[in-house]
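One letter stands for each residue in the lines below.
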Amino acid sequence: MTQPAYDVVAIGNAIVDILSPSADAFVAENGMTKGAMALVFSPEDADALYAKMGPGQEVSGGSAANTIAGMAALGGKCAFIGQVADDQLGAVFAHDIRAAGIRFDTNARPGSPTTGRCMIFVTPDGQRTMNTFLGASHYLPAEALDRDLIANAQYLYLEGYLWDPEEPRAAMREAIDIARAAGRKVAFTLSAEFVIDRHRDAFHELINAGLIDVLFANEAEIVALTQAADTEGAIAAVKDKVPLLVVTMSEEGACAITGDQHVHVPAAPVDKVVDTTGAGDLFAAGFLHGQAQGWDLERSLRLGAICAAEVISHFGARPLADLKALAADA
């Protein structure tokens, strides 16, 4: 097996986040569930909701793309595969991810639908209520995969959010085969409870077939996957089925389990929670970066906690502080 040229190549939704401060009353009046993520299925509904937003900021997002941006900020060599449309938001996404030092070669898709966007309403307590129109991101074909790129990355990182549509699901299954044939590791994040509810059986098939080397989940997601009574029972049900299980527990920190080894670290301190968008994504960035550098589990978990604390201290799901400097404390 050759030395990998990249630390991680990720496949995920290519989305532009539009963030706007919002009152709790606005969230309730518009039928949103505070702190949750809902899908917007039509361009018309997306446009209508966008028209109601107050002044905001546009920042390239998408779960796996955020993770890759965090890893690149830490000094990792990373690449991303995801579908944008040939439009203004697609150009914004491509510019942002390339400017972060990430290889991004996926060709823009002509015509409709438009590039995906996530309209995020951030309430005064830092909770984010997301409304996502996935657009072109759900039309990623297997033909867009760079087989040599995937085979030359230490980790292939996949997000559960992209498992819904048939076309990118087939692309991700092929990517898994490419990575495993090259002797690389596959990391998978469960993403959200609603995703698990729709694809629980498929996710169990991936796990039981030994196709996942690193599984990321938060407490709610691991419980949803296993339908256990609590987090402890859920971890017990999964830990022997994946080589490495990583579970985040909000203010209680995070843990990693491999074989008989169970490591827990507390959450990193933060003066004020401004916006929790991307907390899990940046945790995964720190943890995977540590693992790619050969760090032990505890140090990797600490770096994940530090990265998550940084991103929740400001608006947006991409790091603003110098993560390399923060990593010195891990």
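In the block above lies the structure referred to throughout.
Let me begin by describing the structure that accompanies this report. (Residues numbered from 1 in each chain as written. Predicted model: local features only at pLDDT ≥ 70, side-chain atom pairs only at ≥ 80, totals over all residues. Heavy atoms only, no water.)

**Some points on the side chain of Thr226**
With respect to the secondary-structure elements, Thr226 resides in helix α8 (residues 219–226). Polar contacts involving the side chain of Thr226 include one to the main-chain carbonyl oxygen of Ile222, which spans 3.0 Å. Contact partners of Thr226, with chain neighbours within four places excluded, come to Ala234, Ala237 and Val238. (Helix = DSSP H or I, 4+ residues; strand = E, 2+ residues; numbered from the N terminus. Polar contact = N/O pair within 3.5 Å; in protein donor to acceptor, adjacent residues only side chain to side chain. Contact = heavy atoms within 4.5 Å.)

**Considering the sheet that holds strand β8 (residues 128–133)**
Across the sheet, five strands lie side by side as β3-β8-β7-β2-β4; this open sheet has mixed pairing. Where the open sheet ends on each side, the last strands, each with one partner, are β3 (37–39) and β4 (57–61). Across the sheet, the mean angle from the axis of one strand to that of its neighbour is 25 degrees, orientation sign disregarded. When strand β7 (residues 116–122) meets β8, the two strands line up antiparallel, connected through six bridges. Residue pairing for β8: Met119 is matched across the bridge by Asn131. (Pairing = 2+ DSSP bridges. Axes fitted to C-alpha atoms, helices over the stretch in contact; angles between N-to-C directions.)

**Concerning the pairing of strand β2 (residues 15–21)**
If a strand is regular, its side chains alternate between the two faces of the sheet. Most of β2 sits inside the fold, with six of its seven residues counted as buried. As paired strands, β2 and β4 are joined by five bridges and run antiparallel to one another. In the strand pairing of β4, Asp17 is matched with Val59. In this sheet, β7 lies alongside β2 in parallel orientation, the contact comprising seven bridges. Its bridge partner lying in β7, Leu19 is registered against Ile120. (Buried < 20%, exposed > 50% of the residue type's maximum accessible area, 1.4 Å probe, protein only.)

**Some points on the sheet that holds strand β13 (residues 254–258)**
The mixed open sheet is built from nine strands, whose spatial order is β6-β5-β1-β9-β10-β11-β12-β13-β14. Both outer strands of the open sheet, β6 (103–104) and β14 (261–265), are each paired with one neighbouring strand and no more. In this structure, strand β12 (residues 244–248) lies alongside β13, joined through four bridges in antiparallel fashion. Within β13, the position partnered with Leu245 by the bridge is Ile257. Set on the sheet, helix α6 (residues 166–181) makes contact with β1 (6–11), β9 (153–159) and β10 (185–189); between it and β9 the angle comes to about 160 degrees. Strands in contact with helix α11 (residues 297–311) are β12, β13 and β14; relative to β14, the strand with the most contacts, it is inclined by about 30 degrees.

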